[in-house]
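Coordinate analysis (summary)
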Amino acid sequence: MKTVISVLAASALVFALPAFAGPAPAQPAATAFHVGKLSLVSLSDATFSTPNDGKIFGGDAGPAAVADVLKAAHAPTDTITLSVDALLVRDGARLVLIDTGFGAKMGGALTASLKLAGVTPDQITDVLVTHAHGDHIGGLLDASGQPAFPKAKVRLSSADWTYLQGQDGMADMVKAIAPQVATFEPGAQVTPSITAIAIKGHTPGHVGYQIVSGKDRLLDIGDTAHSSIISLAKPDWTMGFDSDAAVAKASRRETLTELAKDHERVFAPHFPYPGVGTVVASGDGFAWQPADLTAKPGKKKHKP
Ligand SMILES: [Zn+2]
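Residues numbered from 1 in each chain as written. Predicted model: local features only at pLDDT ≥ 70, side-chain atom pairs only at ≥ 80, totals over all residues. Heavy atoms only, no water.

1. Focus: the overall build of the protein
Along the backbone of the protein there are eight helices and 15 strands. The C-alpha radius of gyration of the protein comes to 18 Å, within 12% of the 19 Å expected for a compact globule of 304 residues. Dimensions along the principal axes, computed over C-alpha positions, put the protein at roughly 50 × 50 × 35 Å. Sequence-distant contacts, at least 24 apart, represent 69% of the contacts inside the protein between residues at least 6 apart. Counting every atom, the protein has about 13300 Å² of accessible surface; 56% of that belongs to carbon and sulfur. For the protein, the distance from the average position of its 26 positive side-chain charges to the average position of its 28 negative side-chain charges is 8 Å. (Helix = DSSP H or I, 4+ residues; strand = E, 2+ residues; numbered from the N terminus. Rg over C-alpha atoms; globule rule 2.2 N^0.38 Å. Contact = heavy atoms within 4.5 Å. Areas by Shrake-Rupley, 256 points an atom, 1.4 Å probe, with all protein chains shown as cover. Lys, Arg positive; Asp, Glu negative; His and termini not counted. Charge placed at Lys NZ, Arg CZ, Asp CG, Glu CD.)

2. Side note on the pattern of salt bridges
If the charged atoms of two oppositely charged side chains come close together, the side chains can form a pair. Inspection of the entire model under this criterion finds six salt bridges. Between Arg94 and Asp126 there is a salt bridge, and its shortest N-O distance comes to 2.8 Å. With a gap of 32 residues between them, Arg94 in strand β5 (residues 94–98) and Asp126 in strand β6 (residues 126–128) connect regions that are remote in the sequence. When its relative accessible area of 2% is taken as the criterion, Asp126 is described as buried. For the salt bridge of Asp236 with Arg253, the shortest nitrogen-to-oxygen distance reads 2.9 Å. On the criterion of sequence distance, the pair formed by Asp236 in the loop between α7 (230–233) and α8 (245–262) and Arg253 in helix α8 is long-range, its members being 17 residues apart. Looking at Asp236, the relative accessible area reads 36%, which means it is partly exposed. Arg253 gets classed as partly exposed once you look at its relative accessible area, which sits at 27%. Sharing partners across several salt bridges, the network here consists of Arg217, Asp262 and Glu264. (Salt bridge = Lys/Arg side-chain N within 4 Å of Asp/Glu carboxyl O. Buried < 20%, exposed > 50% of the residue type's maximum accessible area, 1.4 Å probe, protein only.)

3. So, the coordination of the zinc ion
Bound to the zinc ion on the protein side are Asp135 (OD), His136 (NE2), Asp223 (OD) and His270 (NE2), at distances that span 2.1 to 2.2 Å. The coordination sphere of the zinc ion comprises four donor atoms, whose angles at the metal cover 85 to 164°; the geometry is irregular. (Donors = N, O, S within 2.8 Å, 3.2 Å for Na, K, Ca; no water. Tetrahedral: all angles 85-135°; square planar, octahedral: opposite > 155°, others 65-115°.)

4. Section: the sheet that holds strand β15 (residues 285–290)
Strand pairs in the sheet, formed through backbone hydrogen bonds, run parallel or antiparallel to each other. Taken in spatial order, the seven strands of this open sheet run β9-β10-β11-β12-β13-β14-β15, and their pairing is mixed. The sheet is open, and its two borders are formed by β9 (189–191) and β15, each paired with just one other strand. With direction set aside, neighbouring strand axes in the sheet form an average angle of 35°. Pairing of strand β10 (residues 194–198) with strand β11 (residues 207–213), which is carried by five bridges, proceeds in the antiparallel orientation. Following the sheet pairing, Ile194 is matched in β11 by Ile211. (Pairing = 2+ DSSP bridges. Axes fitted to C-alpha atoms, helices over the stretch in contact; angles between N-to-C directions.)

5. Observations concerning the nonpolar core
One finds Leu88, Ile124, Val127, Phe149 and Leu164 to be the most contacted residues of the largest nonpolar core, which totals 30 residues. Residue assignment for this core shows that the elements contributing at least two residues are β3 (38–51), β4 (79–91), β5, α3 (110–116), β7 (153–157), α5 (158–165) and α6 (171–177). Apart from residues no more than four positions distant in its own chain, Ile124 is found in contact with Leu88, Leu95, Leu97, Leu114, Val119, Phe149, Lys151 and Ala152. (Core = buried A, V, L, I, M, F, W, Y, C linked by side-chain atoms within 4.5 Å.)

6. A closer look at the pairing of β5
Of all the five residues making up β5, four are buried; the element is thus mostly covered by neighbouring parts of the structure. Where β4 meets β5, five bridges bridge the pair, whose relative direction is antiparallel. Within the sheet, the bridge partner assigned to Val89 lies in β5 and is Val96. Counting the residues that bridge the hairpin from β4 to β5 gives two residues, and of these Gly92 lies at a positive phi of roughly 60°. In the sheet, β5 pairs with β6 via three bridges, with the strands oriented parallel. Of the residues in β6, the one forming a bridge with Ile98 is Leu128.

7. Brief notes about the pairing of strand β12 (residues 216–220)
Burial analysis of β12 places four of its five residues in the buried class, which makes it a mostly covered element. Bridge analysis of β11 against β12 gives five bridges, and the strand direction is antiparallel. Its bridge partner being in β12, Ser213 is matched across the sheet by Asp216. Counted between consecutive antiparallel strands, the loop separating β11 from β12 contains two residues, among which Gly214 sits at a positive phi close to 60°. Note: β12 against strand β13 (residues 265–267), three bridges, orientation parallel. Following the sheet pairing, Leu218 is matched in β13 by Arg265.

Structure, rendered in structure tokens:
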């Protein structure tokens, strides 16, 4: 998605529309699960709605085709609502947060969700950013504009750090977080169990994060796919938030193909909360199978 400023501008423009569009508060929520021996928690921050007007989803297909896909999934056809979530990983002595949601200024619930997980912001040692859009970095600042995770290193790709510094309206954010920022090149191992994976096209330096423990692993796909319905059923349709539509389409299909083939678990920050599941092949696209995170360890279908 776009920066906080762009999202604000976009939501101001669409207030005249009958369906609500833009960011909206979500209930705080923290859902724990495991990847191998690692403890993870999916954290709720907000929701984001956009009308089915051909501007964001399926711009090249048109609203009627988008509505057909939504209808087939028994979803509302006039508005597309995304979750905005973050992921907490206890990686040895490190307490790692991947993405930060919209932030307190925008009414984000991330801090309250962290509290439900028993974590205070000053305990976070590393914030890993998938990309520098407002719904992923807004929470780096608290309601007063100060760093929300004062003791954390903020890790993002060097390409997205450069991209962020060139964005209108982001000078205060850049100035506030600069002392915490440590950039990397995609492919870098950023914590003992987590590697940054280049997934190109959404922003200049967009990455996913591969979390590995023993034989178990999970990929946080960032904004490789936004809608669990449209982005999976029609991965080749354009997505208005992608900075390079052609590259993003290609990497979306490539990534989803690999995930479906490997049955690898996925965390998708914009899929319905808690956003954990697997991607399966379906027709000439894919479908989402949410994980049952309430299952007791002894009843797991797949061994780690
Ligand atoms: Zn996003």
